[in-house]
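Residue strings, one per chain:
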Amino acid sequence: MKSIQPTGCPVPCRLLLLAVGLAVLFGNAPAEAADQGARPNILLLVGDNWAWPHAGACGDPSVKTPTFDQIARQGALFTHTFCQVPSCSAARAVLLTGQASHRLEDAANLWGLFPDHLTTYPELLREHGYATGYMVKGWGPGIYRGQKHTKLNPAGTAYPSLDAFLQEVPEGKPFCFWFGSHDPHQPWNRGDDFRGDLDPDQVDVPPYVPDHPVTRQAITDYYAEVQRFDHECGQMLKLLRQRGQLDNTLVIMLGDNGWQLPRGLANVYDAGTRVPMAIEWPAKIKGGQELDALISFEDIAPTLLAAAGIVPPAEMTGKDFLPLFSGAADVSWRDALFLERERHANVRAGHQSYPCRAVRTDTFLYVRNLMPERWPAGDPQWHWAVGPYGDLDNTPIKQLILEGKDRPEFKPFFQLGFAKRPSEELYDLQQDPHQVVNVADQAKYTGIKNELSDKLDVWMKATDDPRAVDPRDGRFDRYPYFGQAAKAKRADVKKGAPTVPGGRISVALEAPASNYRIRIEEVYDVGSELWAVSVIDRQGDFGAAVITPIRDEIPLTLPINRRLKQKVIGKDWDWGENSDTLQYVDDRAALLREIEQQNGRRLWQRSK
Ligand SMILES: [Ca+2]
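All values reported here derive from a predicted model rather than from experimental measurement. (Residues numbered from 1 in each chain as written. Predicted model: local features only at pLDDT ≥ 70, side-chain atom pairs only at ≥ 80, totals over all residues.)

(A) The overall build of the protein, seen in detail. Looking only at helices and strands, the protein features 16 helices and 22 strands. Split into buried and exposed, the 608 residues of the protein put 49% on the buried side. A sequence separation of at least 24 residues applies to 67% of the contacts in the protein between residues at least 6 apart. (Helix = DSSP H or I, 4+ residues; strand = E, 2+ residues; numbered from the N terminus. Buried ≥ 20, exposed ≤ 12 C-beta atoms within 10 Å, placed from the backbone. Contact = placed C-beta atoms within 7 Å.)

Shown next as structure tokens:
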């Protein structure tokens, strides 16, 4: 196989340093430098579905991210970081394990099980004397019960805040803390206090979505959440600075995967895989660097371990990138990285995945769709999760395109985001940075296409990809999916409910799979809203009662950070990403009394 060189300068000089001077940091190799006394603290700041280039330092003219920009200024901005797999829990699993997604069994899928035998960097740090914790969203959504990870998220122990965590870290013990925000995950309705002077007329609209007021407003709402996330990160850095701990803390701020636009999340195009990343470590890294090396999420675990003086385990497919900070001219780095996806949401009949493998260089993106007969964004007919074309979450932009898909002005966007795709795609990034014109069939690109295809095959074999042996391997369709079924319409709930308060009702909703039942036991009036007590059973293993407002959603839909808190009766249920925003109570009667007190009025139980 021929090696592929970027058309620009050779690899080492691509490690562009805008720094004031080139000599940087480490007098010794990082692992040697990180002796016991100097082991850094680690703070990982993870935005949820925050895509490149949506930060000031990345060149976005609209969004204001002073915290991110400052980290980049005091350390390094990485311009080519890719999440390896554009799906939330899967990307986080890659980040935690340092391994390519297809090696992680169930954890390659969204809402899967985190296999107990996988080794994570927080676990290794703990073994080497670190305190580890996380807040809000760690690894997830999914299930991590197992002998090793029982009640312990792979990201560490859950804490309500960084402050609460730091108070428990013994003096002199290094720590590793993960802040996983829910921002800027849709629905983009949490950023009102952080809008600043965002103007829908000024935002950049990429060419894969229609330039329409609906799109502009949605992007603006997303930006407001980016700004909220940036603000929260800033508060954490402020706390570390006040405690005098910032200097020897390695801070990484990044997105976990791309945004929830067509061709974004759940797609191997840049909109789904390329994320902002900035790193500072004042004690060791010289500021003002801009690095354009191709970084994969596989690299983060080996890098953090190396910073702590720990040799990364052999199974990690990623590479420690600390040497890039040295500015040495002879640092060799990869000239291509590999992307993939399996099952994101459960949105195809038969619980099918949509397998892709891809290779990204500076100048090309080559995509192989291994089962092109399947729908890339999910079946047009609703299956289990989200809704029609459910690998794209329900946003105003999705609605706009689907409603207009038969009209000439929207049809091209439907084709790009939702229609079936050929088995091979190739994008010429110099001509087409947003990857909307597939040139795989053009004769002049045959050479590069074949080179990249060969390169992909080599990587798949070298990393024990099951699809290297059988491209149509069915295991990713068979791994259990623990995500909730899509919500039914509220109208369905109301149909069975009496219109007069004070009557008891019994409404049965059965989710469209035999192993998962939602039963609404009781409905209560709370002021202008209805609340329901429901019982959820799945496969006979778990059960929980949940009380939650029914406003525009049925009870099992547990929106995050809503004005009304969600409360679960009994703690026997693992809610994945929602678990951190739920409050658990043991006593249903006590909960109902509390709700009465909060609302200043008596609950009326509805019954027939
Ligand atoms: Ca995510």
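(B) Geometry of the pairing of strand E1 (residues 41-47). Here E1 lies mainly inside the structure; seven of its seven residues are buried. Alternating positions in E1 separate into two faces, Asn41, Leu43, Leu45 and Gly47 on one and Ile42, Leu44 and Val46 on the other, with burial throughout.

(C) Region of interest: helix H4 (residues 88-97). The element H4 is extensively covered by neighbouring structure, given that ten of its ten residues are classed as buried. The set of residues buried in H4 consists of Cys88, Ser89, Ala90, Ala91, Arg92, Ala93, Val94, Leu95, Leu96 and Thr97. Packed against the buried residues of H4 are strand E3 (112-113), helix H5 (121-127), strand E5 (142-143) and helix H9 (300-307). Just downstream of H4 lies Gly98, where phi reads positive at about 70 degrees.

(D) Inspection of the environment of Gly258 at higher detail. Among the structural elements, Gly258 can be located in the loop between strand E8 (249-255) and helix H8 (270-273). You can call Gly258 buried: it has 28 C-beta atoms within 10 Å. Separated by 175 residues in the primary sequence, Gly258 and Cys83 have C-alpha atoms spaced 8.3 Å apart. When residues no more than four places from it in sequence are discounted, the contact partners of Gly258 are Asn49, Ala51, Pro86, Gly264, Leu265, Ala271, Gly272, Thr273, Arg274 and Val275.

(E) View of the sheet that holds strand E13 (residues 356-360). Taken in spatial order, the four strands line up as E12-E13-E14-E15 in an open sheet, and their pairing is antiparallel. Both outer strands of the open sheet, strand E12 (337-341) and strand E15 (424-428), are each paired with one neighbouring strand and no more. On average, each strand axis in the sheet is tilted by 15 degrees relative to the strand beside it, whichever way the strands run. Pairing of strand E14 (residues 364-369) with E15 involves five bridges; the strand directions are antiparallel. The residue bridging Phe364 from the neighbouring strand is Asp428, located in E15. Taken strand by strand, helix H12 (residues 446-462) contacts E12, E13, E14 and E15, and its axis lies near 60 degrees from that of E14. (Pairing = 2+ DSSP bridges. Axes fitted to C-alpha atoms, helices over the stretch in contact; angles between N-to-C directions.)

(F) How the structure looks around the environment of Thr395. With respect to the helices and strands, the residue Thr395 is situated in the loop between E14 and helix H10 (396-403). Taking the C-alpha atoms as reference points, Thr395 and Val214, separated by 181 residues in sequence, lie 10.0 Å from one another. For Thr395, the residues in contact, after removing those within four places along its chain, are Gln186, Ala218 and Gln260.

(G) Broad picture of the environment of His128. Checked against the element boundaries, His128 lands in the loop between H5 and strand E4 (131-136). If we ignore the near neighbours within four places in the chain, the residues touching His128 are Ala308 and Ile310.

(H) Spotlight on the nonpolar core. Within the largest apolar cluster, 139 residues are counted, with the highest numbers of intra-cluster contacts made by Phe179, Ala278 and Ile279. Sort the elements by how many residues they give to this core and helix H7 (residues 213-242) lands first, with ten residues. The contacts of Ile279, once residues within four sequence positions are left out, are Ile71, Gly75, Ala76, Leu250, Val251, Ile252 and Ile285. (Core = buried A, V, L, I, M, F, W, Y, C linked by C-beta atoms within 7 Å.)

(I) Region of interest: unusual backbone geometry. For the bond from Trp52 to Pro53, the omega torsion is 0 degrees, close enough to zero to count as cis. Among the structural elements, Pro53 can be located in the loop between E1 and helix H3 (66-74). The omega angle of the peptide bond from Asp183 to Pro184 is -10 degrees, so this bond is cis rather than trans. Following the sequence through the fold, Pro184 ends up in the loop between strand E7 (175-180) and H7. Of note, Trp111 is a non-glycine position whose phi angle comes to about 55 degrees, a positive value. Inspection of the secondary structure assignment puts Trp111 in the loop between H4 and E3. Phi is positive for Val386, close to 65 degrees, though the residue is something other than glycine. Here Val386 is to be found in the loop between E14 and H10.

(J) Quick peek at H10. Buried within H10 we find Ile397, Lys398, Ile401 and Leu402. Considered in projection along H10, the buried side chains sweep an arc of 125 degrees and stay on one side of the axis. Exposed residues pointing more than 90 degrees away from the buried face of H10 are listed as Gln399 and Glu403. On its buried face, H10 is in contact with H7 and helix H11 (411-417). (Arc of directions from axis to C-beta.)

(K) Broad picture of the packing of H7 against H10. Where H7 contacts H10, the two axes come as close as 9 Å, and the packing angle between them is 165 degrees. Classified by the angle between their axes, H7 and H10 sit roughly antiparallel to one another. Here H7 and H10 pass one another in a crossing that is left-handed. Contacts between H7 and H10 involve Val214, Thr215 and Ala218 from the former and Pro396, Ile397 and Leu400 from the latter. (Parallel < 35°, antiparallel > 145°, perpendicular 65-115°, else oblique. Left-handed = near helix turned anticlockwise from the far one by under 90°.)

(L) Molecular detail of the pairing of E4. In terms of burial, E4 is a largely internal element, six of the six residues being buried. Summarising the sheet, E4 and E7 pair through six bridges and their orientation is parallel. The partner of Tyr134 across the bridge, within E7, is Trp178. Pairing analysis gives two bridges linking E4 to strand E6 (residues 157-158), with the strands arranged parallel. Note on E6: the bridge partner recorded for Tyr134 is Ala158.

(M) Representation of the packing of H3 against H7 within the structure. Two numbers describe how H3 lies on H7: the axes approach to 7 Å, and their chain directions differ by 55 degrees. The angle between H3 and H7 places the two elements in the oblique class. Here H3 contributes Pro66, Thr67 and Phe68 to the contact with H7, which in turn contributes Asp230, Cys233, Gly234 and Leu237. Split by residue class, the contact of H3 with H7 holds four nonpolar, two polar and one charged. (Nonpolar A, V, L, I, M, F, W, Y, C, P; charged D, E, K, R; others polar.)

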